[in-house]
Amino acid sequence: MEYSQNARLVLQCLRRHGELSRAEISRMTGLSAQTASVLMNKLLKDELVVETHKRYGSIGKPATQIQLNPQGAYSLGIKLGRKDITIVLVDFTGVVIDRVFLQQDLSQPEAEMELILQQSNQLFSNNPGSALRLAGIGVAAPFRLEAWHNELGLDQETSDRLAAWAGFDVVDALEQSFGCDVFMENDGTAAAIAEMLFGVGKRVNNFVYLFLDVVIGGGVVCDGDILRGTNSNAGDLALMRIGSPGQSSLLLEHASLFLLLNKLSKAGIEKPKITQLSGDSSEQRQIFDQWVEQAAQALSLAVINIHSLLDTEAVVLASRLPRELMQYFIHRMEVILEQEHQLDPGQNLPKLLEGENRSDVHALGAAMVPYYHRYATTSSILPRQTF
């Protein structure tokens with residue numbers, strides 16, 4: 001079912017503010033009381049919103065409060081990674097209610113599609129009624145799964161296996177299996193959509209989202225909407241060049257968790273895991289601090305260039321790093337920006353904010369894409385992507 005921009009505007013207000021009365025919705029959206037009431041009745045009938053309680057204490061008749069109905073719709077998010085697959089089932093308030101994590105090298109596409117169907121059906125079985133109110137399925141994957149084998153240290157066998165994904169139509173395969181709409185985005189844009197709908201985007205309309213991963217990626221939110229670019233790859237900063245002419249290098253060569261993992265491995269730390277890094281270990285902390293200085297310097301230069309071009313209000317940073325270490329990384333960037341890139345006291349630097357979605361960010365982002373397509377206010381509806 002398609003919803004008008006006005007209906008989507010009402011849903012956006014409830015998503016941002018939680019509980020609201022009809023009068024508050026009318027005032028915030030600029031819609032007439034009659035129009036707002038008609039829209040609310042439609043959304044109540046469709047069970048996308050629910051009346052909760054009456055609010056007393058103000059002059060006049062007690063106001064009935066309305067909020068999003070968590071069971072009003074569901075979305076399935078699938079994150080395809082080179083070494084893992086994550087599937088999440090998300091309710092209408094953006095809460096992950098069930099998940100599957102498969103730690104394995106990505107194999108042939110047909111086999112993975114069958115595995116995804118089996119695991120997804122199990123999630124639906126665990127959560128009765130979710131399949132009947134499914135808004136759609138979202139898929140998040142790196143822009144080119146078969147690329148970057150040298151930069152990621154992949155062996156030839158893995159590279160050959162991933163090459164099969166280059167011409168495979170993931171959207172068509174999943175639509176045939178599930179019989180519903182499937183939407184695909186690169187993982188950085190998907191994570192940015194999640195942050196826009198259920199994170200920092202509730203209070204900030206213009207920001208650049210950066211996710212520090214094995215390869216750095218991200219997305220751009222402009223005037224409360226996602227900026228996708230000609231090739232649906234806006235915000236992919238890994239290939240941004242930094243440095244002076246003749247001595248420039250790619251951002252991914254300085255700011256990626258792959259570099260950190262390499263440093264830890266060379267120091268004799270066996271099979272290091274990003275999520276298990278500790279600031280208490282003197283050896284790990286020394287290596288981490290060295291990486292932070294290199295990565296923060298490079299990323300600060302990229303951020304100041306982004307800000308000069310977009311005049312963005314904030315840069316949102318997220319990662320699989322433990323929160324304490326991520327907050328330290330952001331602090332070092334703030335110091336570098338102020339000391340090395342603020343040309344005069346009156347210059348406005350972008351705020352550096354920590355991402356509010358920390359777990360399964362790409363799978364969550366994938367689940368948000370159907371919600372964005374069906375229920376979010378947007379200047380342009382997302383076309384489906386295959387890559």
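You'll find the structure just up there.
A brief report on the enclosed structure follows. Keep in mind that what you see is a predicted model, and the values were worked out from it rather than measured. (Residues numbered from 1 in each chain as written. Predicted model: local features only at pLDDT ≥ 70, side-chain atom pairs only at ≥ 80, totals over all residues. Heavy atoms only, no water.)

Moving on to the environment of Asp213. Examined against the element boundaries, Asp213 turns out to sit in the loop between strand S8 (207–212) and strand S9 (217–222). Separated by 122 residues in the primary sequence, Asp213 and Asp91 place their C-alpha atoms 26 Å from one another. With residues up to four places along the chain from it excluded, the contact list for Asp213 reads Ser256, Leu257, Phe258, Arg320 and His362. One polar contact links Asp213 to Arg320, side chain to side chain, over a distance of 3.0 Å. (Helix = DSSP H or I, 4+ residues; strand = E, 2+ residues; numbered from the N terminus. Contact = heavy atoms within 4.5 Å. Polar contact = N/O pair within 3.5 Å; in protein donor to acceptor, adjacent residues only side chain to side chain.)

Next up on the list: the side chain of Asp46. Along the chain, Asp46 falls in the loop between helix H3 (33–45) and strand S1 (49–55). Apart from the residues within four sequence positions on either side, Asp46 is in contact with Met1, Tyr3 and Arg133.

A few words now on unusual backbone geometry. The phi torsion at Asp223 lies on the positive side, around 55 degrees, for a residue other than glycine. Taking relative accessible area as the criterion, Asp223 reaches 62% and is therefore assigned exposed. Phi angles above zero are rare outside glycine, and Asp311 is one such case at about 50 degrees. (Buried < 20%, exposed > 50% of the residue type's maximum accessible area, 1.4 Å probe, protein only.)

Bringing the packing of helix H1 (residues 5–17) against H3 into the picture now. Between H1 and H3, the least distance of the axes is 10 Å, while the angle of their chain directions is 75 degrees. Comparing the axis directions of H1 and H3 gives the class roughly perpendicular. Residues Asn6, Ala7, Val10, Leu11 and Leu14 of H1 form the contact with H3, whose own contacting residues are Leu39, Met40 and Leu43. Here the residues of the contact of H1 with H3 are counted per class, giving seven nonpolar, one polar and no charged. (Axes fitted to C-alpha atoms, helices over the stretch in contact; angles between N-to-C directions. Parallel < 35°, antiparallel > 145°, perpendicular 65-115°, else oblique. Nonpolar A, V, L, I, M, F, W, Y, C, P; charged D, E, K, R; others polar.)

Turning to the pairing of strand S6 (residues 134–141), a few remarks are in order. In terms of burial, S6 is largely enclosed, as seven of its eight residues are buried. Judged from the six bridges that link them, strand S3 (residues 74–80) and S6 form a sheet pairing that is parallel. Bridge assignment links Gly77 to a residue of S6, and that residue is Gly138. Where S6 meets strand S7 (residues 182–186), five bridges bridge the pair, whose relative direction is parallel. When the bridges of S7 are listed, Ile137 appears paired with Val182. (Pairing = 2+ DSSP bridges.)

In regular strands, side chains alternate between the two faces of the sheet. Where burial is concerned, most of S8 is hidden: six out of the six residues are buried. Burial along S8 is two-sided: the face carrying Phe207, Tyr209 and Phe211 and the face carrying Val208, Leu210 and Leu212 are both buried. As paired elements, S8 and S9 share five bridges and run antiparallel to each other. Looking across to S9, one finds that Tyr209 is bridged to Gly219.

This part is about the sheet that holds S9. Across the sheet, five strands lie side by side as S10-S9-S8-S13-S14; this open sheet has mixed pairing. Of all strands in the sheet, those bounded by a partner on one side alone are strand S10 (225–227) and strand S14 (351–354). Here the average twist between neighbouring strands, direction ignored, is 30 degrees. Where helix H7 (residues 187–198) meets the sheet, it contacts S8, S9, S10 and strand S13 (314–319), and its direction lies at approximately 125 degrees from that of S8.

With that out of the way, let us pick up the sheet that holds strand S4 (residues 84–91). Pairing is mixed across the open sheet formed by five strands, whose spatial order is S5-S4-S3-S6-S7. The open sheet has two edge strands with one neighbour each: strand S5 (96–103) and S7. Shown here is a sheet whose adjacent strand axes are inclined to one another by a mean of 15 degrees, direction ignored. Examined bridge by bridge, S3 and S4 share seven bridges and lie antiparallel to one another. Bridge pairing in S4 links Ile78 to Ile87. Helix-sheet contacts for helix H4 (residues 109–126) involve S3, S4, S5 and S6, and the interaxial angle to S4 is about 30 degrees.

Attention now moves to the side chain of Ser26. Here Ser26 lies in helix H2 (residues 22–29). Sequence-distant contacts of Ser26, that is, excluding residues within four places in its chain, are made with Leu31, Ser32, Ala33 and Ala36.

Overall, the coordinates contain eight aromatic pairs when judged by the stated rule. An angle of 75 degrees between the planes, with centres 5.9 Å apart, marks the rings of Trp165 and Phe168 as edge-to-face. Accessibility classification places Trp165 together with Phe168 in one group, the buried group. Seen in terms of ring centroids, Tyr371 and Tyr375 are 6.1 Å apart; in terms of plane orientation they differ by 50 degrees. Their pairing is tilted. Highlighted residues: Tyr371 and Tyr375, both in helix H11 (residues 361–375), separated by four residues, approximately one helical turn. Three or more aromatic residues link up through ring pairs in this structure, and these residues are Tyr3, Phe92, Tyr371 and Tyr375. Between the NZ or CZ atom of Arg15 and the centre of the ring of Phe198, over which it lies, the distance is 6.0 Å. Directly above the ring of Tyr328 sits Arg285, whose terminal nitrogen or CZ lies 4.6 Å from the centroid. (Phe/Tyr/Trp six-rings, centres within 6.5 Å; stacked < 30°, edge-to-face > 60°. Lys NZ or Arg CZ within 6 Å of the ring centre and 35° of its normal.)

Judged by nonpolar contacts, the single largest core of 54 residues is most densely connected at Leu14, Tyr209, Met368 and Tyr375. With 10 residues, the top contributor of residues to this core is H11. Once residues lying within four places of it in the same chain are set aside, the contact partners of Tyr209 are Gly188, Ala191, Ala192, Glu195, Gly217, Gly218, Gly219, Val316, Ala318 and Val361. Ala238, Ala255, Ala296 and Leu321 belong to the second-largest nonpolar core, a separate cluster that totals 42 residues. (Core = buried A, V, L, I, M, F, W, Y, C linked by side-chain atoms within 4.5 Å.)

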